[in-house]
Amino acid sequence: MQYRPLGRTGVQVSPLCLGAMMFGPWGNDDEQDSIRIIHAALDAGINFVDTADVYSAGRSEEIVGKALGDRRDDVFLATKFFMPMGDDPNHRGGSRRWIMRAVEDSLRRLATDHIDLYQVHRPSPDTDIDETLGALTDLVQHGKVRYIGSSSFSGSQIVEAQWAAKDNRFARFVTEQPPYSILVRGIEEDVLPAVQRHGMGTLTYSPLAGGWLSGRWRKDSASSPTSSARPSARFDMSISANQRKLDIVEDLAVLAEQSGMTLIDLAIAFVINHPGVTAAIVGPRTMQQLESYLPAADITLSTDVLDRIDELVAPGLTLNPEDNSYGTHELTPHARRRN
């Protein structure tokens, strides 16, 4: 597995990042099996692990901490804060008060004295970015955090944070974590160019588009998502955009077979072949899933294959806008219309 530079930090990381969201009650509640999966990923050459305090209410971090053990120094360890951690309205967000509490909780659960990459999980319109950056800068200076990053920021929010860091001499975000896949290409228009201009690393999540590109859901499959089974607008099959996704998956499956790879290989390789992407976060629940993700790390897609993908889904296009889980949703009816 060929390592890549994480922006301009000087750190080298694997093109696949092990996402730990499925370790714990949200996915695989067998702790020992989850630990075996983590060890298998490390043995395969993955040196990058990403989790969050909110995943299974902290259990994911605890499992990762137990799994790393004496291998901790060989891993670039990332976690996130921001999402609610209980009913208390102050146990969430990007305030200094919460950040100082959240980092101690994550350090304890991860059984480590430092976090390599500490990321704000979502942008907050209610908290000044200067407050968040100021608190994170203190954590860097105290040695509890090595680097800081953002997740699901829009292009303008990325630039605003970079300017705020420069103006106030704060630590700057060195990474961004957005959604990206063949079916969700919105970040190509603004987020990826902004990240590249500022020399940041990009850790993309959901390369299989929430399962759409795993091969699990096909037009003739009994397991195709339906509005009754998956009521979210991302999976509601009464929506024409989701019907279009199924059509495109069929074409992509043919392309993958013609190119001598699986649909999963094609989907993940597409993400990590983009010059603005550092690593694709893959979140296995089982060992079989992990093993199906690993081959993509060594695949380089030909120009012909990339051109065919562009014909099916135009650059910068997200087929279903509900899949664009980043930014502050400025175009929602509430934001764009008078009350």
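Whatever comes next refers back to the structure up there.
The following paragraphs examine the structure supplied in this document. These numbers were taken from a predicted model, which means no experiment stands behind them. (Residues numbered from 1 in each chain as written. Predicted model: local features only at pLDDT ≥ 70, side-chain atom pairs only at ≥ 80, totals over all residues. Heavy atoms only, no water.)

1. What about the overall build of the protein chain?
Which entries qualify depends on this criterion: Working definition: helices are DSSP H or I runs of at least four residues, strands are E runs of at least two. Numbering for both runs from the N terminus. Radius of gyration here uses only the C-alpha atoms, and the compact-globule reference equals 2.2 Å multiplied by the residue count raised to the power 0.38. The buried label applies to any residue whose accessible area, calculated with a 1.4 Å probe on protein chains only, is under 20% of its type's maximum; exposed applies above 50%, and partly exposed to all values in between.
Within the protein chain, the secondary structure is distributed over 11 helices and 10 strands. By the compact-globule yardstick of 20 Å for 339 residues, the protein chain fits well, its C-alpha radius of gyration being 19 Å. Oriented by its inertia axes, the alpha-carbon framework of the protein chain measures out at about 55 × 55 × 40 Å. Sorting the 339 residues of the protein chain into buried and exposed places 54% on the buried side.

2. Some details on the pairing of strand β9 (residues 201–204)
How we decide: Two strands form a pair only when DSSP identifies at least two bridges running between them. A clockwise course of the path from the first strand over the helix to the second, judged with the strands pointing away from the viewer, identifies a crossover as right-handed.
Residues G201 and L203 of β9 are buried on one face, and the alternating residues T202 and T204, pointing to the opposite face, are buried as well. Pairing of strand β8 (residues 173–177) with β9 involves 2 bridges; the strand directions are parallel. Paired with E176 across the bridge in β9 is T202. With helix α6 (residues 191–197) bridging β8 and its parallel neighbour β9, the resulting β-α-β unit is right-handed. Relative to strand β10 (residues 279–282), β9 is paired through 2 bridges, and the arrangement is parallel. Bridging across to β10, L203 finds its partner in A279.

3. Some thoughts on the sheet that holds strand β5 (residues 76–81)
Rules: Fitted lines through C-alpha atoms give the axes, limited to the stretch in contact for helices. The angle between two N-to-C directions lies from 0 to 180 degrees.
Within the closed barrel, the 8 strands sit side by side as β3-β4-β5-β6-β7-β8-β9-β10. Their pairing is parallel. This sheet shows a mean twist of 30° between the axes of neighbouring strands, independent of strand direction. Pairing between strand β6 (residues 115–120) and strand β7 (residues 145–151): 5 bridges, direction parallel. Its bridge partner being in β7, Q119 is matched across the sheet by G149.

4. Considering the nonpolar core
Which entries qualify depends on this criterion: Nonpolar cores are built from buried Ala, Val, Leu, Ile, Met, Phe, Trp, Tyr and Cys residues. Side-chain atoms within 4.5 Å join them into one set. Throughout, a residue-residue contact means that at least one pair of heavy atoms, one from each residue, lies within 4.5 Å.
Y118, F173, L183 and L266 are the most contacted members of the largest nonpolar core, which has 90 residues in total. A per-element tally of this core places helix α8 (residues 263–272) first, with 9 residues. Once you skip the residues sitting within four places of it in the chain, F173 turns out to touch V120, I129, L133, L136, I148, G149, S150, F153, A161, Q162 and M200. Of all hydrophobic cores here, the second largest spans 13 residues; its members include V11, F76, Y205 and A279.

5. Description of unusual backbone geometry
Its identity as a non-glycine residue notwithstanding, R169 has a phi of 55°, on the positive side. As for its placement among the helices and strands, R169 is situated in the loop between α5 (155–168) and β8. Phi is positive for A209, close to 55°, though the residue is something other than glycine. Relative to the assigned elements, A209 resides in the loop between β9 and α7 (240–258).

6. Some details on the pattern of salt bridges
Just so we agree on the cut-off: Any carboxyl oxygen of Asp or Glu within 4 Å of a side-chain nitrogen of Lys or Arg constitutes a salt bridge here.
Evaluated as defined, the whole model comprises 16 salt bridges. In this structure, R108 engages D105 in a salt bridge whose closest nitrogen and oxygen atoms are separated by 3.2 Å. Placement of both R108 and D105 in helix α3 (residues 96–110) is noted, with a separation of 3 residues, approximately one turn of the helix. Judged by its relative accessible area of 55%, R108 falls in the exposed class. By relative accessible area, which is 12% here, D105 ends up buried.

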